[in-house]
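Listed below, chain by chain, are the residues.
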Amino acid sequence: MRSTPTMPALLSTPNPSRRRLLQATLALLAARAPLAAAQQQRIPIADMHSHYGMLTRTMASSGLAEDMRSQRVALVAWKLIADARWIRAGDTGISQVSEPAPGALAEHFNTVLGRMKAYLAANGLKTVLTAEDVDACIAGEPGIVLASEGADFLEGQVDKLDAAYQQGLRHLQLVHYIRTPVGDFQTVRPVHNGLSDMGKRLIEACNQKRILVDLAHGTGDAVDQALAVAKTPVVWSHGWVTQSGGNWLDRFGYLQRRLSLDHARKIADRGGVIGLWGLALSAPSPSWSGGWSVGRRDAQAYAKELANLVDKLGADHVAFGTDIEGVGPNWSVNDYAQVRSVVDHLQEMKLASSVIDRLAFGNYARVLKAVL
Ligand SMILES: [Zn+2]
């Protein structure tokens, strides 16, 4: 609350007009206190991966800003899909369907980022650019971290990163679904043995520029090589974790997208955070779903998977990475009221409040502040 710092000055002055001002101020504060207190009691929410308003909703009428405000959502990594025009969802997963023409990836990025920034301006949403901005968002102002799912817009040129940073990009996922000079990703046969030289230079450039590196969709080798280069904590913004991890030969995309527990722990050991997605299966079953237990609209099952991951990785290394709209109809949560209900379920499950705080917002806030 901005009026707080001036209070001691008001209290110390005997001037009658100042005293009347003081009384009016106190009355105003008293009137607003219950509402503010109720709002402050709600645990802030941070989401490391969201396509809200980009795929199944129309951005302008998506209601993202209202949803963030009403649900006390502090931080959303709003993910531009860098290769969206060149991929398609099939029966078993998402894959590349065409080859971008020279310049088309950069043009796509600029067009979509422009639309995103126009939305933020029209709706008065804060763009998170600095560590101080992160603090302001946790304190109560909802903020968007401009993020890209895929570094494809660079078209292989690391020096183009500066222009994206100047436009506000602060969170960069290296790879997605189309062939890229950056490195290997989980859903096709590897060709780079992990990261390319350009991919490694890109991580160095992100560290220099103070852009958060997101390793989601990368292969295990790419994760290992990225961790060897990175000087600050990284995130795996969305996906899930199993003992052995996925393989590009797995039958379904969601199985390919498993991160091994070993790699998740390596990311955690370096101070990083794993975002658990809100993917839902139409009929999850221990016999065929590989252990993922979340069915459609089942926010409680999502809460249980989050708690399970906390058991495996520790409370400092798990966060929301909902992938809202990215999972199409296969969602357990599709808006922030539903994400709020996940937090409620975690409370009903009697997780310690310090654990819920870290999971719900603290961990993403921490890595952002460490990087920005
Ligand atoms: Zn993704």
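Everything numeric in this text was worked out from a predicted model, so none of it was measured. (Residues numbered from 1 in each chain as written. Predicted model: local features only at pLDDT ≥ 70, side-chain atom pairs only at ≥ 80, totals over all residues. Heavy atoms only, no water.)

Here we come to the overall build of the chain. A tally of helices and strands in the chain yields 13 helices and 13 strands. Accessible area of the chain: about 16000 Å², with a carbon and sulfur share of 52%. (Helix = DSSP H or I, 4+ residues; strand = E, 2+ residues; numbered from the N terminus. Areas by Shrake-Rupley, 256 points an atom, 1.4 Å probe, with all protein chains shown as cover.)

A few words now on the environment of Val 145. Along the polypeptide, Val 145 turns up in strand 6 (residues 143-149). Given a relative accessible area of 0%, Val 145 falls into the buried group. Once the C-alpha coordinates of Val 145 and Asp 47 are considered, the two residues, 98 residues apart in sequence, prove to be 9.8 Å apart. Residues in contact with Val 145, not counting those within four places in the same chain, are Leu 75, Val 76, Ala 77, Trp 78, Val 128, Arg 170, His 171, Tyr 364 and Leu 368. (Buried < 20%, exposed > 50% of the residue type's maximum accessible area, 1.4 Å probe, protein only. Contact = heavy atoms within 4.5 Å.)

At 2.0 to 2.2 Å from the zinc ion lie its protein donor atoms, namely Glu 149 (OE), His 217 (NE2) and His 238 (NE2). Sequence positions of the donors to the zinc ion reduce to the motif E-x67-H-x20-H. One end of the pair, Glu 149, is in strand 6; the other, His 238, is in the loop between strand 9 (235-236) and strand 10 (240-242), with 89 residues separating them in the sequence. Each member of the pair Glu 149 and His 238 is classed as buried. (Donors = N, O, S within 2.8 Å, 3.2 Å for Na, K, Ca; no water.)

This part covers the packing of helix 5 (residues 131-139) against helix 13 (residues 353-371). Two elements in contact, helix 5 and helix 13, have axes whose closest approach is 9 Å; the angle formed by their N-to-C orientations is 160°. Between helix 5 and helix 13, the crossing angle belongs to the class labelled roughly antiparallel. In the packing of helix 5 onto helix 13, the handedness of the crossing is left-handed. Residues Ala 131, Val 134, Asp 135 and Ile 138 of helix 5 lie in contact with helix 13, whose contacting residues are Phe 361, Ala 365, Leu 368 and Lys 369. (Axes fitted to C-alpha atoms, helices over the stretch in contact; angles between N-to-C directions. Parallel < 35°, antiparallel > 145°, perpendicular 65-115°, else oblique. Left-handed = near helix turned anticlockwise from the far one by under 90°.)

Here the focus is empty space enclosed by the protein. Tallied over the full model, the rule gives one cavity of 30 Å³ or more. In this model, the largest cavity occupies a volume close to 50 Å³. Taken together, Leu 174, Val 175, Asp 184, Leu 195, Leu 215, Gly 218, Ala 222 and Val 223 make up the lining of the largest cavity. Residue composition of the lining of the largest cavity, by class: six nonpolar, one polar and one charged. (1 Å grid on protein atoms, 1.4 Å probe; cavity = no way out; pocket = protein on both sides within 12 Å on 5 of 7 lines; lining within 4 Å. Points joined across faces, edges and corners; volume = space filled by probe spheres on them. Nonpolar A, V, L, I, M, F, W, Y, C, P; charged D, E, K, R; others polar.)

Within the secondary structure, Arg 340 sits in helix 12 (residues 336-348). No salt bridge is formed by the buried Arg 340; the nearest opposite charge belongs to Asp 344, separated by 5.3 Å. In this view, Arg 340 contacts Arg 42, Ile 43, Ile 45, Gln 71 and Arg 72; residues no more than four positions away in its chain are not counted. (Lys, Arg positive; Asp, Glu negative; His and termini not counted. Salt bridge = Lys/Arg side-chain N within 4 Å of Asp/Glu carboxyl O.)

Attention now moves to the nonpolar core. Formed by 115 residues in total, the largest nonpolar core has its most connected members in Leu 75, Trp 78, Leu 202, Phe 320 and Tyr 364. The leading source of residues in this core is helix 13, at 10 residues. Excluding anything up to four places from it in sequence, Leu 75 contacts Ile 45, Ala 46, Asp 47, Val 128, Val 134, Cys 137, Ile 138, Gly 143, Val 145, Tyr 364, Ala 365 and Leu 368. (Core = buried A, V, L, I, M, F, W, Y, C linked by side-chain atoms within 4.5 Å.)

This paragraph deals with helix 11 (residues 299-313). Along its 15 residues, helix 11 runs 21 Å from first to last C-alpha, staying within 8% of the 21 Å computed at 1.5 Å per residue. Those residues of helix 11 that sit buried are Ala 299, Ala 301, Tyr 302, Ala 303, Glu 305, Leu 306, Ala 307, Leu 309, Val 310 and Leu 313. On its buried face, helix 11 sits against strand 10, helix 10 (261-269), strand 12 (273-276), strand 13 (318-320), helix 12 and helix 13. Positive phi shows up at Gly 314, right after helix 11, with a value of about 95°. (Expected span 1.5 Å × (residues − 1).)

Any functional reading would require information beyond the geometric quantities listed.
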